[in-house]
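# Report on the structure
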Protein chains: 2
Amino acid sequence: MSKDRLRKQGTALYHALSHLVRVYQSRDREHICCYDISITQCNLLEVLLDHGAMRPLNLAQHLMLDKSTTSRVAETLVKKNYVARTPDPTDGRAQLIDLTENGRELVLKIRDELIEEEMAILRDLPKSVQDEAPGLLIRLAKAAQKRTSCCG
Amino acid sequence: MSKDRLRKQGTALYHALSHLVRVYQSRDREHICCYDISITQCNLLEVLLDHGAMRPLNLAQHLMLDKSTTSRVAETLVKKNYVARTPDPTDGRAQLIDLTENGRELVLKIRDELIEEEMAILRDLPKSVQDEAPGLLIRLAKAAQKRTSCCG
DNA sequence: ATACTATAGTTGCAAGTACCACCTATTTTA
DNA sequence: TAAAATAGGTGGTACTTGCAACTATAGTAT
């Protein structure tokens, strides 16, 4: 029966995902901890690197965090001189957050290191997996993101 | 050139993974927040559900957390009456941590809900992805786990 | 023009996450 | 039996996170 098959695969996916998330979180933590920042802080820098300067609210959407959390993480990074705020000339309430030169250097260095890690991981896997992995992960992320939460 | 290809794929994997981790973390947070516990607390309950009673140190390995962190998370769960400690008769220093009936019920309910989520996600994906996803995620997790950290 | 509403961002609060270094008690080993 | 190792917990510090409440600016409807 197809319902059973789906449940079996859902269960397998559930276990695989929760393990994967734990492993990568832990790995990222261990890599990033050599530097001056935490994972969340690094994520914020990455978003800026990939998408350019943006407003805190926009940043919060990318990071999937509350605006207050985002505001505080940004504040920490301002103090560490990895990002800078500038008032948005088109809206007196808004501001733009962007990488400083320091921040750009740091996030590029960390990204490079993590990409080396991924390459090392891929090297041990068969070619078919190397080819399929990124696309599959993107699909899974997109599918999950489309769904809304339970307790809205 | 194969080196270039590997780098391109490593970069793609890097982006896909970091996004996936963020999305699923956020999703789990939103699902679990309806209940009495946090993500880490839920992870701890899950490990006990899957592997049975164990010592704090063993639990820390499964969770990939420091033993002190594990100890405190367990303490919180004892207070909430989801896990219980019993002294290990074979070693006066050790103890065993296990789910209470309450804890078992809670984690089963949450797991069921998340598996339903996974099933809903799978439903929208082609059969080939449904079949391959869990295996691929497991491979990736295993490969990452084999590697050691940078700043040991 | 002016009051009402909406939006951007911050702050107070509470709980949780996380690690390091250090401590106590017990066990193992030399 | 003394020394070293191990299990677990504590103190301390810093960060994460969301909710609710707040300030200031912007937009809207009289």
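All chains use their own residue numbering, which begins from 1 and follows the written sequence. Numbering of ligands from 1 and lettering of chains from A proceed in the order in which they are written. Given that this is a predicted model, residues contribute local features only at a pLDDT of at least 70 and side-chain atom pairs are listed and counted only at 80 or more, while totals for whole chains, interfaces and linings are drawn from all residues. Side-chain numbers here rest on the full set of heavy atoms in the structure, without hydrogens or water.

Identification of chain A as DNA-binding transcriptional regulator, MarR family from Microbulbifer yueqingensis is taken from an unreviewed UniProt entry.

### A few points about the overall build of chain A
When its secondary structure is counted, chain A shows six helices and two strands. Going along the chain from the N terminus, every DSSP run of H or I of four or more residues is numbered as a helix, and every run of E of two or more is numbered as a strand. Traced from its N-terminal end to its C-terminal end, chain A shows the element sequence α-α-α-α-β-β-α-α. Principal-axis analysis of the C-alpha atoms gives chain A an extent of 60 × 40 × 25 Å. Charge-centre separation for chain A: the mean point of 23 positive side chains lies 10 Å from the mean point of 21 negative side chains. Lys and Arg are tallied as positive, Asp and Glu as negative. Neither His nor the chain termini are counted. A charged residue contributes its charge at one atom only: NZ of Lys, CZ of Arg, CG of Asp or CD of Glu.

### Concerning the protein's contact with DNA strand D
In this text, near means that some heavy atom of the residue lies within 4 Å of the molecule or strand in question. Neighbouring residues of DNA strand D: 25 residues in total, closest S38 and G92 of chain A together with R72, R85 and R93 of chain B. When the atoms of DNA strand D within 4 Å of the protein are grouped by moiety, sugar and phosphate amount to 64% of the total. Two N or O atoms form a polar contact when they lie within 3.5 Å of each other; inside protein one atom must be a possible hydrogen donor and the other a possible acceptor, and for residues adjacent in sequence the pair counts only when both atoms belong to side chains. A distance of 2.6 Å separates a phosphate oxygen of DNA strand D from a polar atom in the backbone of G92 of chain A. Side-chain polar atom of R93 of chain B to a base oxygen of DNA strand D: 2.5 Å apart, as the coordinates give it. Secondary structure elements with two or more residues in the surface near DNA strand D: α2 (39-51) and α4 (67-79) of chain A together with α3 (56-63) and α4 (67-79) of chain B. All amino acids are sorted into three groups, where Ala, Val, Leu, Ile, Met, Phe, Trp, Tyr, Cys and Pro are nonpolar, Asp, Glu, Lys and Arg are charged, and the leftover types, Gly among them, are polar. Each residue belonging to the surface near DNA strand D can be placed in one class, and the counts come to five nonpolar, nine polar and eleven charged.

### Here's the deal with the relation of the copies chain B and chain A
Alignment of copies: least-squares fit on C-alpha atoms of residues with pLDDT of at least 70 in both copies. Of the transformation superimposing chain B on chain A, the axial component is 0.0 Å and the angular component is 180 degrees, with the fit at an RMSD of 0.1 Å. Taken together, the rotation and translation describe the operation of a two-fold axis. Within chain B, the C-alpha atom positioned nearest to the axis of rotation is that of V21 of chain B, 2.7 Å from it. Working rule for contacts: check all heavy atoms of both residues, and any pair within 4.5 Å makes them a contact. The overlap is high: 100% of the interface residues of chain B also sit at the interface in chain A, so the same surface is used on both sides.

### Overview of the interface of chain B and chain A
On the chain A side, the residues contacting the 69 residues of chain B number 69 residues. The quantity reported as buried area is the accessible area (1.4 Å probe) lost by two parts once they are put together, taken as the sum for both. For the pairing of chain B and chain A, the buried interface totals around 6800 Å² over both sides, and the portion due to carbon and sulfur atoms is 68%. When a carboxyl oxygen of Asp or Glu lies within 4 Å of a side-chain nitrogen of Lys or Arg, that pair is called a salt bridge. Connecting chain B to chain A are six salt bridges. D131 of chain B is the partner of R5 of chain A in a salt bridge, and the nearest nitrogen-oxygen pair spans 3.6 Å. Across the contact surface, chain B and chain A share eleven residue pairs in polar contact (both at pLDDT 80 or more). Elements that contribute at least two residues to the side of chain B that touches chain A include exactly α1 (2-32), α2 (39-51), α3, α5 (101-123) and α6 (127-146) of chain B.

### Examining the packing of α2 of chain B against α5 of chain B
Residue and element names in this part refer to chain B. At a closest axis distance of 10 Å, the pairing of α2 and α5 adopts a crossing angle of 100 degrees. By the angle between their directions, the pair α2 and α5 is classed as roughly perpendicular. The residues of α5 that touch α2, namely those facing C42, L45, E46, L49 and D50, are G103, R104, L106, V107, L108, I110 and R111. Its residues assigned to classes, the contact of α2 with α5 shows seven nonpolar, one polar and four charged. Fitted lines through C-alpha atoms give the axes, limited to the stretch in contact for helices. The angle between two N-to-C directions lies from 0 to 180 degrees. Here roughly perpendicular refers to angles of 65 to 115 degrees, roughly parallel to angles under 35, roughly antiparallel to angles over 145, and oblique to all remaining angles.

### Considering the pattern of salt bridges
The tally for this structure, following the rule as stated, stands at 20 salt bridges over all chains. Across the salt bridge formed by D112 of chain A and R7 of chain B, the nearest N and O atoms sit 3.9 Å from each other. Residue D112 of chain A is located in helix α5 (residues 101-123), and its partner R7 of chain B is located in helix α1; the two belong to separate chains. A residue is classified by how much of its surface remains accessible, and D112 of chain A, at 40% relative accessible area, is partly exposed. The buried label goes to any residue with under 20% of its type's maximum accessible area, the exposed label to any with over 50%, and the partly exposed label to all in between, with areas taken from a 1.4 Å probe on protein chains only. Residue classification places R7 of chain B among the partly exposed residues on the basis of a relative accessible area of 29%. Salt bridges sharing partners connect three or more residues here, namely R7 of chain A together with D112 and E116 of chain B.

### Re the protein's contact with DNA strand C
Not every one of the 25 residues close to DNA strand C is listed here, only the nearest: S71, R72 and R93 of chain A together with S38 and G92 of chain B. The share of sugar and phosphate among atoms of DNA strand C within 4 Å of the protein is 63%. At 3.1 Å from a phosphate oxygen of DNA strand C is found a side-chain nitrogen or oxygen belonging to R29 of chain A. K80 of chain B has a polar side-chain atom sitting 3.1 Å from a phosphate oxygen of DNA strand C. When grouped by side-chain class, the residues that make up the surface near DNA strand C number five nonpolar, nine polar and eleven charged.

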